[in-house]
Amino acid sequence: DAGVTQSPTHLIKTRGQQVTLRCSPISGHKSVSWYQQVLGQGPQFIFQYYEKEERGRGNFPDRFSARQFPNYSSELNVNALLLGDSALYLCASSPWQGTSGNTIYFGEGSWLTVV
Amino acid sequence: DAKTTQPTSMDCAEGRAANLPCNHSTISGNEYVYWYRQIHSQGPQYIIHGLKNNETNEMASLIITEDRKSSTLILPHATLRDTAVYYCILPPSSNTGKLIFGQGTTLQVKP
């Protein structure tokens, strides 16, 4: 069975550019969350989407946006890139929204370098 | 948000059991304890989660104290590939899928 898949795996962007990262959840999972992991720190929650609606948002600027499609895949968009946006972006999928006994699986992430 | 406290680092000899402790004294009655690990440059890997009872799967065992204020993750026969950062997590809300990662415990398995 395919796990959580993310693309691209690595990319380099210039300051001020925009980037779109993609995530396909595990088959049957309806919830997708996005995390940012800066080198040396633990992952930080950015968004959660469930049934195509935003269900949670972390402390990130409006330059970060996301959406979920009818097939439950998701995209994370970051506009006006800053050097500090360089990080590993992780997608997590789970069958439902909450964490009461829910099993949440992560993809391998997309490495973004902003130069 | 409920907080967890883990040792910064631990060593374990290959083939021995690795016991990773976690304190979560402010845990509420319906909060699950989740464990993940992260090997360098990879995405976090789900290990196990539990509420009250001890849990076991093919990767590890989770022992939760009766008062639920602490737990221990046990890797029964550690291998070099178990070297990773291990995170003990209490989700802040059961209504969202948000996980808050702390600094975790860096486990070094040595030959």
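Residues numbered from 1 in each chain as written. Chains lettered and ligands numbered in written order. Predicted model: local features only at pLDDT ≥ 70, side-chain atom pairs only at ≥ 80, totals over all residues. Heavy atoms only, no water.

Asks: Explain the environment of B:Gln38 to me, using residue names and the numbers behind them.
Replies: Relative to the helices and strands, B:Gln38 resides in strand β3 (residues 33-38). Between the C-alpha atom of B:Gln38 and that of B:Pro76, which follows or precedes it by 38 residues, the distance is 18 Å. Of the polar contacts made by the side chain of B:Gln38, one reaches the side chain of A:Gln37; its length is 2.7 Å. (Helix = DSSP H or I, 4+ residues; strand = E, 2+ residues; numbered from the N terminus. Polar contact = N/O pair within 3.5 Å; in protein donor to acceptor, adjacent residues only side chain to side chain.)

Asks: Describe the interface of chain A and chain B, listing the residues and the values that go with them.
Replies: Counting from both sides, the interface comprises 26 residues of chain A and, opposite them, 22 residues of chain B. Summed over both partners, the interface of chain A with chain B buries about 1,900 Å², with 52% contributed by carbon and sulfur atoms. Summed over the three residues of chain A that lose the most area to chain B, namely A:Thr99, A:Ile104 and A:Phe106, the buried surface amounts to 26% of that side. Counting every contact that joins chain A to chain B gives 5 residue pairs in polar contact (both at pLDDT 80 or more). Put simply, the parts of the chain that give the side of chain A that touches chain B at least two residues each are β4 (31-37), β5 (44-50), β9 (87-94) and β10 (105-106) of chain A. The residue makeup of the side of chain A that touches chain B, split by class, is 9 nonpolar, 15 polar and 2 charged. (Contact = heavy atoms within 4.5 Å. Buried area = accessible area lost by both parts, 1.4 Å probe. Nonpolar A, V, L, I, M, F, W, Y, C, P; charged D, E, K, R; others polar.)

Asks: Give a detailed account of the side chain of B:His49, specifying residues and quantitative values.
Replies: Inspection of the secondary structure puts B:His49 in strand β4 (residues 45-50). At a separation of 2.6 Å, a polar atom in the side chain of B:His49 contacts the side chain of B:Tyr46. Among residues more than four places away in sequence, those in contact with B:His49 are A:Gly101, A:Asn102, A:Thr103, B:Tyr32, B:Val33, B:Tyr34, B:Glu55 and B:Leu62.

Asks: Explain the pairing of strand β8 (residues 84-89) of chain B to me, using residue names and the numbers behind them.
Replies: Put simply, side chains in a regular strand alternate between the two faces of the sheet. Residue and element names in this part refer to chain B. Across the 6 residues of β8, 5 count as buried, placing the element largely inside the fold. With 5 bridges connecting them, β3 and β8 associate as antiparallel partners. What sits directly across from Tyr34, in β8, is Ile89. (Buried < 20%, exposed > 50% of the residue type's maximum accessible area, 1.4 Å probe, protein only. Pairing = 2+ DSSP bridges.)

Asks: Lay out the nonpolar core in plain terms, naming residues and giving numbers.
Replies: Grouped together as the largest cluster of nonpolar side chains are 22 residues, with contacts concentrated most on A:Trp34, A:Ile46, A:Leu76 and A:Tyr89. Sorting the residues of this core by element identifies β3 (19-24), β4, β5, β7 (64-68), β8 (74-78), β9 and β11 (110-114) of chain A as the ones contributing at least two each. Residues within four places of A:Ile46 in sequence aside, it is in contact with A:Trp34, A:Tyr35, A:Gln36, A:Gly56, A:Arg57, A:Gly58, A:Phe60, A:Phe64, A:Leu76 and A:Tyr89. Grouped together as the second largest cluster of nonpolar side chains are 21 residues, B:Leu20, B:Ile47, B:Leu73 and B:Leu90 included. (Core = buried A, V, L, I, M, F, W, Y, C linked by side-chain atoms within 4.5 Å.)

Asks: Mind laying out the state of the cysteines, listing which residues take part and the relevant values?
Replies: Residues and elements named next belong to chain A. For the structure on display, the rule yields 2 disulfides over all chains. Covalently, Cys23 is tied to Cys91 through a disulfide, its sulfur atoms 1.8 Å apart. Here the S-S torsion is close to -65°, and the disulfide linking Cys23 with Cys91 is therefore left-handed. Here the residue Cys23 occupies a position in strand β3, and Cys91 occupies one in strand β9, the gap between them amounting to 68 residues. (Disulfide = S-S within 2.5 Å.)

Asks: Can you break down the pattern of salt bridges residue by residue, with the values?
Replies: Residues and elements named next belong to chain A. For the structure on display, the rule yields 9 salt bridges over all chains. With its nearest N and O atoms 3.8 Å apart, the salt bridge here joins Glu51 to Lys52. Note that Glu75 is salt-bridged to Arg67, the shortest N-O span being 3.3 Å. Judged by relative accessible area, Glu75 falls into the buried class, the value being 12%. Judged by its relative accessible area of 45%, Arg67 is partly exposed. A single salt-bridge network, built from bridges that share partners, covers Arg22, Arg67 and Glu75. (Salt bridge = Lys/Arg side-chain N within 4 Å of Asp/Glu carboxyl O.)

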